[in-house]
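If you want the building blocks of each chain, they are given just below.
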Amino acid sequence: MTLTLSTYFIGSCIAVLAGLDRMAAMQTMFSRPIVVAPLTGFVLGNPMVGLQIGALLELLWLGRLPVGASIPPDDTQIAVGATALCLSVTPAPTLSYQLLCLLVVLPLGKIGEFFERGARHLNLRLSTRAEALCDQGEGGRAERQHLIGLFHFALASLCTFSFVYWGGSFLLGILAPWLLSGVSGAASWLYLLFPLVGAGCILASINVQRAPTLFLASFVSVSLLLWLL
Amino acid sequence: MSIVLVRVDSRLIHGQVLEAWVPHTSARCIVVMSDDLMSSPMEKMIMEASVPSSIKVFIGGVTEMVSRFKSGEFDKLRTLVLFANSQDVLSAYRDGFIFNKLNLGNMHAGSGKVPCSCTIYLDPTDIENLNELVAGGVEVGSRCVPTDTQRSYKKMIPKGGV
Amino acid sequence: MNRLLSRGTIILVFIRLGLLQASWNFQRLQNLGVLYALGPALRRLFEGEDLKAAQQRHLEYFNSHPYMAPAILGAALAIEETQAAGGTSVVKAAEFKKMTIAPFAAMGDALFWGGIRPLAACTALFFAFRESLWAPLVFLLLFNIPHLLFTIVGFWLGYRRKHHILEFIAQKRLPDVAVRAKEMMVVLLGALCSLLVFTLLSGLQKSPLWAGLSLFFVFAAGWLFRKGASALCLLLIGAFLCILSGYLL
């Protein structure tokens, strides 16, 4: 239990920082699964697990764009959550166990959209308050309202991560005995599912007319090359 | 006529339109009908420059573009039509621009506007304009991007009216 | 023209631009972020009622791409500076912002979210599947070099050229650059998928003809996605079928 709690604590620190990077601050994109999952793994002692989880998640949502007011799935918290969850159970989890963690955490991550929408609604109050302050000629105080927004986004990230982590460990406790053997039986196929679904979605949603042709050409030529060699 | 989408969006051409709706509808042509835009050539220039060259873009006043539609200029192209506000849609509709579905994307807040969803803010004039379209048989719904679920216009208006 | 802003203030504005989206809200989006970023400069340029009016006009609706916004706000800042010095400008700062936000956002979305980010990720994924820890670093480098270039150079050019930044950006045909990046990304993705499929097939000692089946699966997933199924939903259905067939076979 102490291990789970300390993992949760470390995980939530990364979750909050990455959650801020995602939208509110700098946007260096270290919040992408491919970076943040290995980072979580590194801090918790096994970067390779994070790399594996991050790569699969990155592939699944390669094509989702954060455009305008539409909120994309919170892949950051899912990546941190799945990695932390996996490493809280065992320091060297098998591929099947990683896949199981991912499958459990993925649907739970949906909640992230709810918390993020909440943060954005809370921010509206800041804008309204800043406007009132400006009208009173207190521009400096109006500017400082802006920084409270950071706190809202951090809180939303923390809520999402906590839900994903504790919900995940609860579900994992129930489901693991039932599903683990099934997942290990189908591990390689499950593994392949992520790139294939991700590629399908990106081909369907990209605004390049030639995309399917280019994809086919490159897939077939690399396949033939590998078959020849 | 091959109109694939008619949308009201205060931002006209922007990311949601180009990255989500254009691929979803396989549109090859974007028509922007807006009278306000005609007074600012600089804005028109930068808006045209934000579209990749594989997609044709036509920007013009409502009356002008409706008559070009009637002349059959866009018949062979899969066309996405954008309006900035409900007033422009209604005047195009009255001029004889025919469509059966209207998508509400983003309609910005302003004085007297009431929130109807996260991105749609309407005032009584908007409601009147849209009601006239609905009465004419146009199906009005709101969806920011294709992956969102469609919300019907009737369900969006708050109970007490605006 | 006499400059009223010190270099320090300009740098402070640029640094504050990093927090542009910190109080993103549904009604006016990044408006408060703009006030926060331009605030130090406005306080130096105006005072009294003029300052109040300036702060109010920069609290209006603003929503652009975070990496393209520095170019817009750099130009807006220079326009405000000219006005404060008593000069005239072709467009007012508020008008300029209003006309540029949407097209600049469109270009930024296409170039960064649609083009460079997936391209950088795809390249990094090759490293990830070779189990190399270079993967995150490759991604960060490939993504952040253009990111920093656009924000720093964009801000500087915007500040120097004011509204002429529009012609400059229009000439660069950024949407076409984005299309090239996307095409490259699709080619890399095809290669990556085929590599993964082949590694799996040789591991399971299956016939290479199974690769054709996975190709069919990609297009089936794409078709279902167009019909409204989300990536998550497709993945979970696929996983369910995989596990079920594992039990049955």
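Scoring rules and cut-offs
- Along each chain, residues carry numbers from 1 onward, in the same order as the chain's sequence is written.
- By the order in which they are written, chains take letters starting at A while ligands take numbers starting at 1.
- Side-chain atom pairs in this predicted model are given and counted only at pLDDT of 80 or more, local residue features only at pLDDT of at least 70, and totals for whole chains, interfaces and linings cover all residues.
- Runs of H or I in DSSP of at least four residues are treated as helices and runs of E of at least two as strands, each being numbered from the N terminus.
- Residues with at least 20 other C-beta atoms within 10 Å of their own are called buried, those with 12 or fewer are called exposed, and the rest are partly exposed. The C-beta atoms themselves are positioned from the backbone.
- A pair of residues counts as a contact when their C-beta atoms, built from backbone coordinates, are separated by no more than 7 Å.
- Note on method: axes are straight lines fitted to C-alpha atoms, helices fitted across the in-contact stretch only, with angles between N-to-C directions ranging 0 to 180 degrees.
- Oblique is the label for any angle not covered by the other classes, which are roughly parallel (under 35 degrees), roughly antiparallel (over 145) and roughly perpendicular (65 to 115).
- Ten residue types, Ala, Val, Leu, Ile, Met, Phe, Trp, Tyr, Cys and Pro, are classed as nonpolar, four, Asp, Glu, Lys and Arg, as charged, and the remainder, Gly among them, as polar.
- Paired strands, in this sense, are two strands between which DSSP finds at least two bridges.
- Multiplying 1.5 Å by the helix residue count minus one yields the expected span of that helix.
- Definitions for this section: a left-handed crossing has its near helix turned counterclockwise from the far helix by less than a right angle. A right-handed crossing has that turn clockwise.
- Think of a nonpolar core as buried Ala, Val, Leu, Ile, Met, Phe, Trp, Tyr and Cys residues chained together by C-beta atoms that fall within 7 Å.
- Residue ranges for the domains trace back to a domain assignment, done automatically or taken from a database.

(A) Spatial organisation of the overall build of chain A. When helices and strands are counted, chain A shows nine helices and zero strands. Along its sequence from the N terminus, chain A presents helices and strands in the succession α-α-α-α-α-α-α-α-α. Projected onto its principal axes, the C-alpha coordinates of chain A cover approximately 75 × 50 × 25 Å. Taken across its 229 residues, chain A has 59% of its residues classed as buried. Long-range contacts, defined here as pairs at least 24 residues apart, represent 74% of the contacts in chain A between residues at least 6 apart.

(B) Inspection of the packing of helix H4 (residues 69-84) of chain C against helix H5 (residues 93-129) of chain C at higher detail. All names here are of chain C. Close contact between H4 and H5 brings their axes to 10 Å; oriented N to C, the two are set at 170 degrees. Classified by the angle between their axes, H4 and H5 sit roughly antiparallel to one another. Together, Ala71, Ile72, Ala75, Ala76, Ile79 and Glu80 of H4 and Ala93, Phe96, Lys97, Thr100, Ile101 and Phe104 of H5 make up the contact between the two elements. The class makeup of the residues in the contact of H4 with H5 is nine nonpolar, one polar and two charged.

(C) Highlighting the interface of chain C and chain A. Between chain C and chain A, the residue contacts involve 81 residues of the former and 82 residues of the latter. Taken together, the elements giving at least two residues each to the side of chain C that touches chain A come down to helix H2 (31-45), helix H3 (48-57), H5, helix H6 (134-161), helix H8 (174-204), helix H9 (210-226) and helix H10 (231-248) of chain C. Per element, the largest residue contribution to the side of chain C that touches chain A is 18 residues, and it comes from H8(C).

(D) Up close: the interface of chain C and chain B. With 21 residues of chain C at the interface, the matching set in chain B holds 23 residues. Those elements giving two or more residues to the side of chain C that touches chain B turn out to be H5, helix H7 (165-171) and H8 of chain C. A class-by-class count of the residues in the side of chain C that touches chain B yields 14 nonpolar, four polar and three charged.

(E) Structural view of the sheet that holds strand S2 (residues 29-33) of chain B. Residues and elements named next belong to chain B. Strand order in the open sheet made by the seven strands is S3-S2-S4-S1-S5-S8-S9, with mixed pairing throughout. Lying at the two open borders of the sheet, with one neighbouring strand each, are strand S3 (56-60) and strand S9 (151-152). In this structure, strand S5 (residues 101-106) lies alongside strand S8 (residues 139-142), joined through four bridges in parallel fashion. Across the sheet, Leu104 pairs through a bridge with Ser142, a residue of S8.

(F) Molecular detail of helix H5 (residues 95-108) of chain A. In this model H5(A) runs 20 Å from its N-terminal to its C-terminal C-alpha over 14 residues, within 8% of the 20 Å that 1.5 Å per residue would give. Where burial is concerned, most of H5(A) is hidden: twelve out of the 14 residues are buried. Listed as buried for H5(A) are Ser96(A), Tyr97(A), Gln98(A), Leu99(A), Leu100(A), Cys101(A), Leu102(A), Leu103(A), Val104(A), Val105(A), Leu106(A) and Leu108(A). On its buried face, H5(A) sits against helix H3 (47-60), helix H4 (75-89), helix H6 (111-135), helix H7 (139-185) and helix H8 (187-205) of chain A together with H10 of chain C.

(G) Quick look at the pairing of S8(B). As defined by bridge partners, S8(B) adjoins S9(B) across two bridges and the pair is classed as antiparallel. Looking at the pairing, Gly141(B) lines up with Ser152(B) of S9(B).

(H) Summary view of the packing of H2(C) against H4(C). Residues and elements named next belong to chain C. Across the interface, H2 lies against H4 with an axial gap of 11 Å and an inter-helix angle of 20 degrees. Relative to H4, H2 is oriented roughly parallel. The chirality of how H2 crosses H4 is right-handed. Every residue of H4 that contacts H2 at Val34, Ala37, Leu38, Ala41 and Leu45 is listed here: Leu73, Leu77, Glu80, Glu81 and Ala84. By residue class, the composition of the contact of H2 with H4 is eight nonpolar, no polar and two charged.

(I) The arrangement of the nonpolar core in detail. Ranked by size, the top nonpolar core spans 212 residues in total, and within it Cys101(A), Val105(A), Val197(A), Ile13(B) and Leu189(C) carry the most contacts. Counting residues per element, this core draws most heavily on H5(C), which supplies 21 residues. Taken domain by domain, the makeup of this core includes at least three residues from each of domain 1 (7-179) and domain 2 (207-249) of chain C. Apart from residues no more than four positions distant in its own chain, Leu189(C) is found in contact with Ala199(A), Ile202(A), Phe215(A) and Cys122(C).

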